[in-house]
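# Summary of structural features
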Amino acid sequence: MHSTAYCQAVEKAAEIEVPARGRFIRVICLELERIQSHLLWLGIAGHIIGFDTVLMQAWRIREPVMWLCEKITGNRKLLGMNLVGGVRRDVPRGIHDELLEVLARVEKESTAVLAAIAGDITLKARCEKVGVISPEESIAFALLGPTARASGISIDIRVDHPYAAYPELGCEVMVEQGCDIWSRVLVRLRETLEAIRLVRDALRMMPDGPIMADMRQPIPPGRIGLSSVEAPRGETHHFVITGEEQRPYRWKARAPTFQNLQGIPVMVAGEYIADVPIGLGSMDPCFSCTERLETIDVRSGEVRTWSREELQALYRLRHGLKEPL
Amino acid sequence: MNSYLLAFVQILLVLLLAPLFEGVMRKLVALVHSRIGPPLHQPYLDLLKLLGKEELVTAPHPLFRYSAVLGLAAILTTAVLIPIGMLPPLESAGDILVFIYLITLAAVMVVISGVTSDSPYAAIGASREVMMLLTVEPVILIALISMAVKAGSTRFGEIMAWQAAHAPTFSTLIAGLTLFIAIVAQMARLPFDIVEADQEIMEGPFVEQSGPKLALFKWMIYAKQFIFAAVFISVFIPWPVVQPAILNLLLTLLKMAVLLLIVGVVHVVNPRLRIDQAVRFFLALVVIEIAGLALALVGS
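This is a predicted model, so every value here is computed, not measured.

This next bit is on the confidence of the model for chain B. All names here are of chain B. Taken over all residues, the pLDDT of chain B has a mean of 85, while the share at 70 or more is 98%. Least confident of the elements in chain B is helix α8 (residues 198–201), whose mean pLDDT is 74; most confident is helix α2 (residues 42–51), at 93. As scored by the predictor, the complex reaches a pTM of 0.82 and an ipTM of 0.76.

So, in structure tokens, the structure goes:
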């Protein structure tokens, strides 16, 4: 996800055209990540409400996708496929059949899971009309990705600002109107099926040819590049200013979790304690992506936001390191 | 045989077999999860490990230390009052009402463990335990009273003998089904695993318990599971009664294992309900049961 966004930003800045096969391989990797990410989330969401059968089965369905990623790229996660100008390696011809077979199995089993949980009364009792956030509030808090789509907002970078091979492949935006946790489950499961469709089409439509652009020209300094990618949790933006010696001069990434977290107070307000973990879990949070710390003094009510420098200084102070960084 | 000796044997039976039943349950859950699962004797190893640990006292209240002992003691006392395939060893000492009191005492010890620990999670767990106690206990009580009305006695032995001699009626079926749901809750199985809820409140009342105290609480939970299975089988499914008694005991243990497997299936196909949903559910059960009790009173 992030490497695609970063590479695209640099490619935009330097006006590098990625060959078609490279773009298709990027889509295959992105969508395989989406499949495994959504299945991982489904398992964790099940676990949070005590439904460990869903956890175990969702992760069992997910595992062959991880093996496939490893076969194609060498890694289970963080595939390491992207280079500025294209991708590192080709998807070998010999693996196509296996890829299609695994996808068929994942599709069959995900559909079975969808059918099984759709009729579960207890599950619905825990998910329907819980963690509600209205479309208006979703827009006000600028929620992203599946969390926004479950509140009836049709936003998806793959359709709104297509990149890689999405212009050729097209993509259906999965929208649900329920605004609750149940809708978020449905959006993610339907997106998993759509991702399987995308990988299949990408394999079928992938043209022959190079996977890397001609990178012999140096990347000019001082150019600005901005790119967006639809990650499983929502949109990821990367901003780059190119610098001297083929290095970035400035780089800023924005992951979707920090934005999505803003909706949590609305989602859990007035709910039971038991609904707070699943309310938070329903937006698939990634706390390491948030890069912000606030402390509230309970006596004075004073709110303080800590910068990274302050946190580092605090850390060094606590560990007896006098020198500031 | 000396009834005191028999009582002692029955306590040992509960203490020693309860972890095995837990092991069977874990294996079944693992099977549905597509996991290999822990070995059958894992609960024994868990208990041994915890019993061998140093005792940490993290809260000053004396009852925090003794709640586990008292809880297990209460459950073991019920072991001499209930029938496991044969007549209760100390039948003269107590009937279904004493049984209910003792079960409640064990639940109260869980509440005390919660309120005496200085943890907000334990406090929430304790309040949930109280709510469950107030709604699940009446369900068990009314189910057993319906049976007592039919049998004309509150003694387990006579209820068992009556049920063995008669075909099921509407009121006994209602009592049996509602009691089954109540024991799923008493065994802290999903969808009623609300008191412990490890993903929400981190084992609730037991969050501060560790080492030998936790081992006793775990043993209490296993024993409670075993005892409720025994009560359910003896009171509602006593047939066929076979001779000699030892064979009947083995048959009862087999039936209890089957019952626990059914509870295990309910456990794996359900997420956890919220406390308010569970309370509403059990109140609805109470209404159904009162209808069943009325049927029993008019002789149906």
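From this point, the narrative continues.
A few words now on the side chain of A:E11. As for its position among the elements, A:E11 is in helix α1 (residues 2–14). Judged by relative accessible area, A:E11 falls into the buried class, the value being 5%.

To continue, consider the packing of aromatic side chains. For any pair of aromatic rings, the description rests on two quantities: the centre-to-centre distance and the angle between the ring planes. All chains considered together, the criterion is met by eleven aromatic pairs over all chains. Judged by centre distance (5.0 Å) and plane angle (70°), the rings of A:Y163 and A:Y166 are edge-to-face. For the pair A:Y163 and A:Y166, one class covers both residues: buried. Ring geometry for B:F232 against B:F236: centres 5.3 Å apart, planes inclined by 35°, an arrangement best described as tilted. Of this pair, B:F232 and B:F236 are both found in helix α9 (residues 211–236), four residues apart, which corresponds to roughly one turn of the helix. Both residues of the pair, B:F232 and B:F236, belong to the buried class. Through pairs of rings, three or more aromatic residues link up here, namely B:F99, B:F156 and B:F228. Lying across the ring of A:W59, A:R62 places its NZ or CZ 5.6 Å from the centre.

A word on the packing of helix α5 (residues 120–151) of chain B against helix α6 (residues 156–165) of chain B. Residue and element names in this part refer to chain B. One can describe the packing of α5 onto α6 by two numbers: an axis separation of 9 Å at closest approach and a directional angle of 70°. Regarding the angle of α5 to α6, the classification is roughly perpendicular. Here L144, M147, A148, K150 and A151 of α5 come into contact with α6, specifically with E158, I159, W162 and Q163. Here the contact of α5 with α6 is composed, by residue class, of six nonpolar, one polar and two charged.

A few words now on the packing of helix α3 (residues 52–73) of chain A against helix α4 (residues 96–118) of chain A. Residues and elements named next belong to chain A. One way to put it is that α3 packs onto α4 with a least axis distance of 11 Å and a crossing angle of 165°. On the basis of their axis angle, the class for α3 and α4 is roughly antiparallel. Crossing angle aside, the handedness with which α3 passes α4 is left-handed. Counting all contacts with α3, which are made through V54, R60, I61, P64, V65, L68, K71 and I72, the residues of α4 involved are E98, L99, V102, R105, V106, E109, S110, V113 and I117.

What follows concerns a nonpolar patch on the surface. The grouping of B:L20, B:V24, B:L40 and B:L261 at the surface amounts to a nonpolar patch, some 260 Å² of accessible area in total. Checked against the element boundaries, B:V24 lands in helix α1 (residues 3–32).

Turning our attention to the nonpolar core. All names here are of chain B. Counting 78 residues, the largest nonpolar core has I84, F99, M132 and M256 as the members making the most contacts within it. The greatest single-element share of this core, amounting to 17 residues, is contributed by α9. Setting aside residues no more than four positions away along its own chain, M256 makes contact with F21, I84, F226, A229, A230 and I233.

To continue, consider the pairing of strand β4 (residues 234–242) of chain A. For a regular strand, side-chain orientation follows a simple rule: the groups alternate between the two sheet faces. Residues and elements named next belong to chain A. Counted residue by residue, β4 has seven buried out of nine residues, so it is predominantly covered. Of the strand pairs in this sheet, strand β3 (residues 224–231) and β4 are connected by eight bridges, and their pairing is antiparallel. Among the inter-strand pairings, G225 is bridged to a residue of β4, identified as V240. Once β3 ends, the chain turns through two residues before running back antiparallel as β4. Judged from the six bridges that link them, β4 and strand β5 (residues 248–254) form a sheet pairing that is antiparallel.

What follows is about the interface of chain A and chain B. Note: interface size is frequently given as the accessible area lost on complex formation between the parts. Listed by partner, the interface residues are 21 residues for chain A and 21 residues for chain B. Per-residue buried area on chain A facing chain B is highest for A:T122, A:R126 and A:Y272; these three make up 26% of the total on that side. The tally of links between chain A and chain B comes to one salt bridge. In this structure, B:R274 and A:D275 form a salt bridge, with 2.8 Å as the shortest nitrogen-oxygen distance. At the boundary of chain A with chain B, the tally comes to ten residue pairs in polar contact (both at pLDDT 80 or more). Elements supplying a minimum of two residues to the side of chain A that touches chain B: α2 (20–48), α3, α5 (121–127) and α13 (275–281) of chain A.

The rules behind these values
Residues numbered from 1 in each chain as written. Chains lettered and ligands numbered in written order. Predicted model: local features only at pLDDT ≥ 70, side-chain atom pairs only at ≥ 80, totals over all residues. Heavy atoms only, no water. pLDDT = per-residue confidence, 0-100. Helix = DSSP H or I, 4+ residues; strand = E, 2+ residues; numbered from the N terminus. Buried < 20%, exposed > 50% of the residue type's maximum accessible area, 1.4 Å probe, protein only. Phe/Tyr/Trp six-rings, centres within 6.5 Å; stacked < 30°, edge-to-face > 60°. Lys NZ or Arg CZ within 6 Å of the ring centre and 35° of its normal. Axes fitted to C-alpha atoms, helices over the stretch in contact; angles between N-to-C directions. Parallel < 35°, antiparallel > 145°, perpendicular 65-115°, else oblique. Contact = heavy atoms within 4.5 Å. Nonpolar A, V, L, I, M, F, W, Y, C, P; charged D, E, K, R; others polar. Left-handed = near helix turned anticlockwise from the far one by under 90°. Patch = residues over 30% accessible without salt bridge, like charges linked within 9 Å, V, L, I, M, F, W, Y side chains within 5 Å. Areas by Shrake-Rupley, 256 points an atom, 1.4 Å probe, with all protein chains shown as cover. Salt bridge = Lys/Arg side-chain N within 4 Å of Asp/Glu carboxyl O. Core = buried A, V, L, I, M, F, W, Y, C linked by side-chain atoms within 4.5 Å. Pairing = 2+ DSSP bridges. Buried area = accessible area lost by both parts, 1.4 Å probe. Polar contact = N/O pair within 3.5 Å; in protein donor to acceptor, adjacent residues only side chain to side chain.

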